[in-house]
Amino acid sequence: MRVIQSRINTRDERYQANYAAMSTLVEAVEEAQRATRAGGGEKYVKRHLERGKLLPRERIELLLDPDGYFLELMPLAGQGIRGIEPGGGIVGGIGVVSGVECLITATEGTVKGGAINEWGLHKSLRLAEIAEKNRLPGVSFVESAGADLMNQSKIFVPGGQTFRDITRRSKERIPSICVVAGSSTAGGAYLPGMSDYVVMVKDQAKVFLAGPPLVKMATGEVTDDESLGGAAMHSRISGVSDYLADDELDGIRIAREIVSHLNWRKHGPEPRAVEPPLYAPDELLGIASADVRVPFDPREVIARIVDGSRFAEFKREYGGTLTCGWAYIHGYPVGILANHGVLFSESANKGAQFIQLCNQQAIPLVFLQNISGFIVGRQYEEGGIIKNGAKMINAVSNSEVPLFTIMTGASYGAGNYAMCGRSYDPRLLFTWPNHRIAVMGGEQLAGVLDIVRREAAEKQGIAVDEQQLGMAKKMLETQVNNESDAFYATGHLWDDGIIDPRQTRDILGISLSAASNRAVEGTSQWGVFRH
Ligand code: COA
């Protein structure tokens, strides 16, 4: 495979301006993530530690292999949403335990006693989906006051899926291990109840459908926490617990031991020898445009994320606004589709063909999405831009190889769909901090509505109020711009996290490795393509 020849000049003014802007954005992401680690705040963290308990990230750290990794997912879930602690009250990610990649979660006991809120629920459901799609055993640390009672209407009905998913994975021979390290009531009790392996920590785990006050209210029976749902009772009498751990460290040791005898085997391909890229990943900060309206050559990104910067480009002279080709990332074969401007009929057709080729050979696909949409205008409509765009959407929808998406800039319009946006089931989807996402840019959207309003007024013979219309246009533009921001997007779980561009290669490597727990199979079956 040919090596990509980079044309980046690090002394270039635009490069330096991009570098400075992206560095500031990366710092803002890190700052937001630091805030998430504060859990429910000083008062509750202090109380938690005084009770001799470990914090969720400490539990995860102790569970991991010393030379393993932990890729935290959706750390900023709920960011900017009123009443939701950043992170959604649950920590989750992919990490290596006893040599096995697992989907690890830990409820945040310092936030409302670990009660599950609306955004924590959405995050939990996505984490469960990642475990299922990639065939990852689950290890969860649970201490949960069940449903967030103040917001029960938002979680009660969809929350049932949490328990359904655990047993469906079990049926598929994807085991779940649950370590109960605190009080787990109602829904919190069904998490161990549904798991394949349950560890309860002595004197700490308290698991019941209803705590002593509710039992007294319901039946008049007077009882205490320990006899109603203590770890000793569940390990010796009810059988809800399979292992009685002396303390949290012992519970973590038992969880590691369980993973070690799962006899786990990956069903996907083994990576070949790894070659680092020839160019520094640090340069990605200066390559990506801080202003997403300014395009940049995706080959410069590819050169910094693929093994040996080697890229076998497909149809280079055709449909130039979509760069397609084959490469290896951390030894795993991939087909890459990367935007280089708007999608035309030719680029969409090329994308659809490339997706078919990769499916034929069972090669995972990586989408580097930086798309302002499909081309518009009479000439392009006549050229069948709709049917050609639909062809690419058809291909991405019916593709059966693992898909991964990195948002490296803009994500506007149906380009989001053709380039494997959230609705198209990428195994994992990450964004760079400069990312913008919406139906279209704020200025264009407000401009479109302004024209529509003027035409409507004209049809009705009403005079337009210029001041009112101008104000409405400005307000809408601001609203759309705020809602297009990477932080807004990640807070609403439109992705699996904002990443530092410099970590793209390693994060893709982890993603490909995790995905290869399941056999990689392509397809040659598609919906009807309109020609
Ligand atoms: N929904 C909403 N808020 C909850 C909650 C829930 N399910 N459980 C606890 N909280 C809140 C508390 O009101 C408290 O808020 P405050 O500090 O602003 O007053 C905060 O979370 C911490 O709770 P606290 O009881 O002080 O923590 P704890 O660690 O001493 O006890 C529990 C934890 C889980 C034992 C206890 O909070 C409890 O029994 N909660 C109710 C559990 C329940 O019945 N759930 C049914 C769900 S269907």
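Residues numbered from 1 in each chain as written. Predicted model: local features only at pLDDT ≥ 70, side-chain atom pairs only at ≥ 80, totals over all residues. Heavy atoms only, no water.

**Focus on the overall build of the protein**
Per the secondary structure count, the protein includes 20 helices and 15 strands. Its C-alpha radius of gyration of 25 Å places the protein within 12% of the 24 Å reference for a compact globule of 531 residues. Along the first, second and third principal axes, the C-alpha set of the protein runs to 80 × 65 × 50 Å. Counting across all 531 residues of the protein, residues that qualify as buried make up 53%. Counting only contacts in the protein whose residues sit at least 6 apart along the sequence, the fraction spanning at least 24 positions is 75%. For the protein, the accessible surface area stands at approximately 24200 Å², while carbon and sulfur atoms represent 52% of it. Side chains of the protein give 56 positive and 63 negative charges; the mean places of these two sets differ by 4 Å. (Helix = DSSP H or I, 4+ residues; strand = E, 2+ residues; numbered from the N terminus. Rg over C-alpha atoms; globule rule 2.2 N^0.38 Å. Buried < 20%, exposed > 50% of the residue type's maximum accessible area, 1.4 Å probe, protein only. Contact = heavy atoms within 4.5 Å. Areas by Shrake-Rupley, 256 points an atom, 1.4 Å probe, with all protein chains shown as cover. Lys, Arg positive; Asp, Glu negative; His and termini not counted. Charge placed at Lys NZ, Arg CZ, Asp CG, Glu CD.)

**Comments concerning the pairing of strand β5 (residues 176–185)**
For β5, a buried count of nine out of ten residues is recorded, marking the element as mostly surrounded by other parts of the structure. Bridging between strand β4 (residues 138–144) and β5 involves six bridges; their strand directions are parallel. Within the sheet, the bridge partner assigned to S144 lies in β5 and is S184. With respect to chirality, the unit in which β4 leads through helix α5 (residues 152–171) into the neighbouring parallel β5 is right-handed. Of the strand pairs in this sheet, β5 and strand β6 (residues 197–201) are connected by four bridges, and their pairing is parallel. The residue of β6 that forms the bridge with V180 is M200. In this view, the connection linking β5 to its parallel neighbour β6 by way of helix α6 (residues 187–194) has right-handed handedness. (Pairing = 2+ DSSP bridges. Right-handed = clockwise from strand over helix to strand, strands pointing away.)

**Describing the site of the ligand**
The environment of the ligand is formed by 13 residues, the closest being Y44, R51, A145, A147 and L149. At 2.2 Å, a side-chain N or O of Y44 approaches an oxygen atom of the ligand. Protein contact buries 55% of the 880 Å² of open area that the ligand shows by itself. In the shell around the ligand, the residues fall into six nonpolar, three polar and four charged. (Near = heavy atom within 4 Å. Polar contact = N/O pair within 3.5 Å; in protein donor to acceptor, adjacent residues only side chain to side chain. Nonpolar A, V, L, I, M, F, W, Y, C, P; charged D, E, K, R; others polar.)

**Observations regarding helix α18 (residues 466–483)**
In an α-helix, one turn spans 3.6 residues; hence positions three or four apart end up facing the same way. For α18, with 18 residues, the first-to-last C-alpha span of 26 Å sits near the 26 Å given by 1.5 Å per residue. For α18, the set of buried residues is L469, L476, E477 and V480. Axial view of α18: buried residues confined to an arc of 105 degrees, hence all on one face. Summarising the geometry of α18, the exposed residues directed more than 90 degrees from the buried face are Q467, Q468, M471, M475 and N482. Among the structural elements, β15 (436–438) and α17 (442–459) are those in contact with the buried residues of α18. Of the residues flanking the start of α18, the one acting as N-cap is D465, its side-chain oxygen 3.1 Å from the backbone nitrogen of Q467. (Expected span 1.5 Å × (residues − 1). Arc of directions from axis to C-beta.)

**A short note on the pattern of salt bridges**
As enumerated under the stated definition, the model contains 34 salt bridges in all. Linking R34 and E31 is a salt bridge whose minimum nitrogen-to-oxygen distance equals 2.9 Å. Separated by three residues within a single helix, R34 and E31 lie in helix α1 (residues 13–36), roughly one turn from each other. Look at R34 and you get partly exposed, because its relative accessible area is 46%. E72 serves as the salt-bridge partner of R57, at 2.9 Å between the closest nitrogen and oxygen. Taken together, the residues R57 in helix α3 (residues 56–63) and E72 in strand β1 (residues 70–72) connect sequence positions 15 residues apart. Across the pair, exposure class does not vary: R57 and E72 are buried alike. Bridged by salt links that share partners, the residues R126, E129, K133, R422 and D496 form one connected network. (Salt bridge = Lys/Arg side-chain N within 4 Å of Asp/Glu carboxyl O.)

**Regarding the domain arrangement of the protein**
Split by domain assignment, the protein resolves into domain 1 (38–260), domain 2 (281–438 + 485–515) and domain 3 (442–483). For domain 2 and domain 3, the distance between their C-alpha centres works out to 33 Å. On the side of domain 3, five residues touch domain 2, which itself brings seven residues to the contact. For the pair domain 2 and domain 3, the two sides together bury roughly 410 Å², of which 40% comes from carbon and sulfur. Area buried by domain 2 at its contact with domain 3 is led by R436, D485 and Y488, which between them contribute 62% of it. (Domains from an automatic or database assignment. Buried area = accessible area lost by both parts, 1.4 Å probe.)

**Looking at the packing of α5 against α6**
Packed helices, taken two at a time, are described by the angle their axes make and the gap between the axes. Following both chains from N to C, one finds α5 and α6 inclined at 5 degrees, their axes separated by 9 Å at the closest point. Of the possible angle classes, the one that applies to α5 and α6 is roughly parallel. Of α6, the residues touching α5 (which contributes T162, F163, I166 and T167) are G187, Y190, L191 and M194. Broken down by class, the residue content of the contact of α5 with α6 amounts to five nonpolar, three polar and no charged. (Axes fitted to C-alpha atoms, helices over the stretch in contact; angles between N-to-C directions. Parallel < 35°, antiparallel > 145°, perpendicular 65-115°, else oblique.)

**Looking at the packing of aromatic side chains**
All chains considered together, the criterion is met by nine aromatic pairs. Ring centres of F163 and Y190 lie 5.9 Å apart, and the angle between their planes is 50 degrees; on these two criteria the pair is classed as tilted. Here F163 is found in helix α5, whereas its partner Y190 is found in helix α6, with 27 residues between them in sequence. The class of Y190 is partly exposed, set by a relative accessible area of 40%. Connected via pairs of aromatic rings, a cluster forms that spans F314, W326 and F354. Cation over ring: R135 sits above W264, and NZ or CZ is 4.1 Å from the ring centre. (Phe/Tyr/Trp six-rings, centres within 6.5 Å; stacked < 30°, edge-to-face > 60°. Lys NZ or Arg CZ within 6 Å of the ring centre and 35° of its normal.)

**A word on α1**
Over its 24 residues, α1 runs 35 Å from end to end, which matches the ideal 34 Å to within 8%, given 1.5 Å per residue. If you check which residues of α1 are buried, you get Y15, N18, M22, V26, V29, A32, Q33 and T36. Here α1 starts with a cap whose side-chain oxygen sits 3.0 Å from the backbone nitrogen of R14, and that cap is D12.

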